[in-house]
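Report on the structure
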Amino acid sequence: MNEYFRTENTGLLEKLPSLLSCEQRKLALYSKDIYFREAWWDLCEKWGEPFRIEQKFWRLAPIIFKPEAVLSGQIRMGLDLIAGLPLKPIFARAVRYDRHKIRAAWQYQINKATPERLSAMDAILQASEAVYVLLIAEEEFAMDVPAIVEICDLKGPAAPKDRRDFHLRSKFDLQDNLVNFFHSVDEPADVIREIGVLFDSKERRAMLDRVESEESCFDELVVLVNQVLARNPKSDLDLSNAVARVMEQVDIHFQRRKASQPAEDRGIRSDLERIANGARGVWPQLSTKLKNEGVSYDPLDGVTIACLSTVMHIEGERAILSSNNIEAWQEADKRQEIRRLNLEFY
């Protein structure tokens, strides 16, 4: 085992390259994070020296087309998006989230989520497969910040009200910050940790081989997207439409009930109207009412309503790690490290 695997005495933190993150606290946390460590060990086995890992991951930027992009079919727009970027896809895989992967992937942010939001995330992220795409910048070190930082900035905020026309998320038909169609992490350190969460060692090594070859996999990606679309369900993920369809099922249900006995809807219709008018936090109790009443409706309509009407955050709670955007990198003044990285490369 080479020296970069060792944690005795000095600890793994001193072996983590500074250009993986602009936040030392993140490096300290990740140095003891098992998902990061497992991926880091594979990287060290592949490339040996940490500065070579810095060089490789300076150019890498993964995008995950989340299940909502698959369910709505808007992942096809994602292919056009990728074709227009100054990066090329070199590795693509279908990914299926489960409860544990969801919590691991967002571990350092999800602590501020309400129980209601956690339930909604579980529902939407397990409703279909996602597609992971690893991109590589065409020209080495052409950017002042890592490729993933550029992509994250170009992606735009999760909240629709904060986006601008040039943001990638503005190209999609998005209604809410929980249903945002694609995900990208913030920094190279996050890229490493994420592959530790999503892939086992065999798949990680296959990915690293593609990083080494830098061969485009765009044609493979198109085939994969078509396969994923064919084997997963479909939904428009539109709140108004979902509420209308559930309301229709409620009407059908109570019309049948009235044929045999008087029936009260126990506020079900008024709750649906409140959601349609923008009320949040209503769905958890309403869904229980619908279940107890025996009202049948499309589960994906329930997922849509849950996601687009949830209360997102516990008031006053802060994420364990905040997002580091392009401004944070620029303020961190990494110029000396960037010069050192270029010198070591050449």
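Throughout what follows, the structure given in this document is the object of discussion. (Residues numbered from 1 in each chain as written. Predicted model: local features only at pLDDT ≥ 70, side-chain atom pairs only at ≥ 80, totals over all residues. Heavy atoms only, no water.)

Time to look at the packing of aromatic side chains. All chains considered together, the criterion is met by ten aromatic pairs. Between the aromatic rings of F91 and Y132, the centroid separation amounts to 6.4 Å while the plane-to-plane angle is 75°, which identifies the pairing as edge-to-face. Of this pair, F91 sits in strand β2 (residues 87-95) while Y132 sits in strand β3 (residues 130-137), and the two are 41 residues apart along the sequence. As far as burial versus exposure is concerned, F91 and Y132 are alike and both buried. Between the aromatic rings of F91 and F199, the centroid separation amounts to 5.8 Å while the plane-to-plane angle is 85°, which identifies the pairing as edge-to-face. Of this pair, F91 sits in strand β2 while F199 sits in the loop between α9 (188-198) and α10 (201-213), and the two are 108 residues apart along the sequence. For F91, a relative accessible area of 1% translates into the label buried. By way of ring pairs, the aromatic residues Y30, F36, W40 and Y108 are connected into one cluster. Lying over the aromatic face of Y30, R193 brings its terminal NZ or CZ to 5.9 Å of the ring centre. (Phe/Tyr/Trp six-rings, centres within 6.5 Å; stacked < 30°, edge-to-face > 60°. Helix = DSSP H or I, 4+ residues; strand = E, 2+ residues; numbered from the N terminus. Buried < 20%, exposed > 50% of the residue type's maximum accessible area, 1.4 Å probe, protein only. Lys NZ or Arg CZ within 6 Å of the ring centre and 35° of its normal.)

Once that is clear, we can look at the side chain of R117. The residue R117 is located in helix α7 (residues 115-125) in this model. Within the structure, the side chain of R117 is placed 3.4 Å from the side chain of H313, a separation counted as a polar contact. For R117, the contacting residues outside a window of four places in its chain are L178, T310, V311, M312 and H313. (Polar contact = N/O pair within 3.5 Å; in protein donor to acceptor, adjacent residues only side chain to side chain. Contact = heavy atoms within 4.5 Å.)

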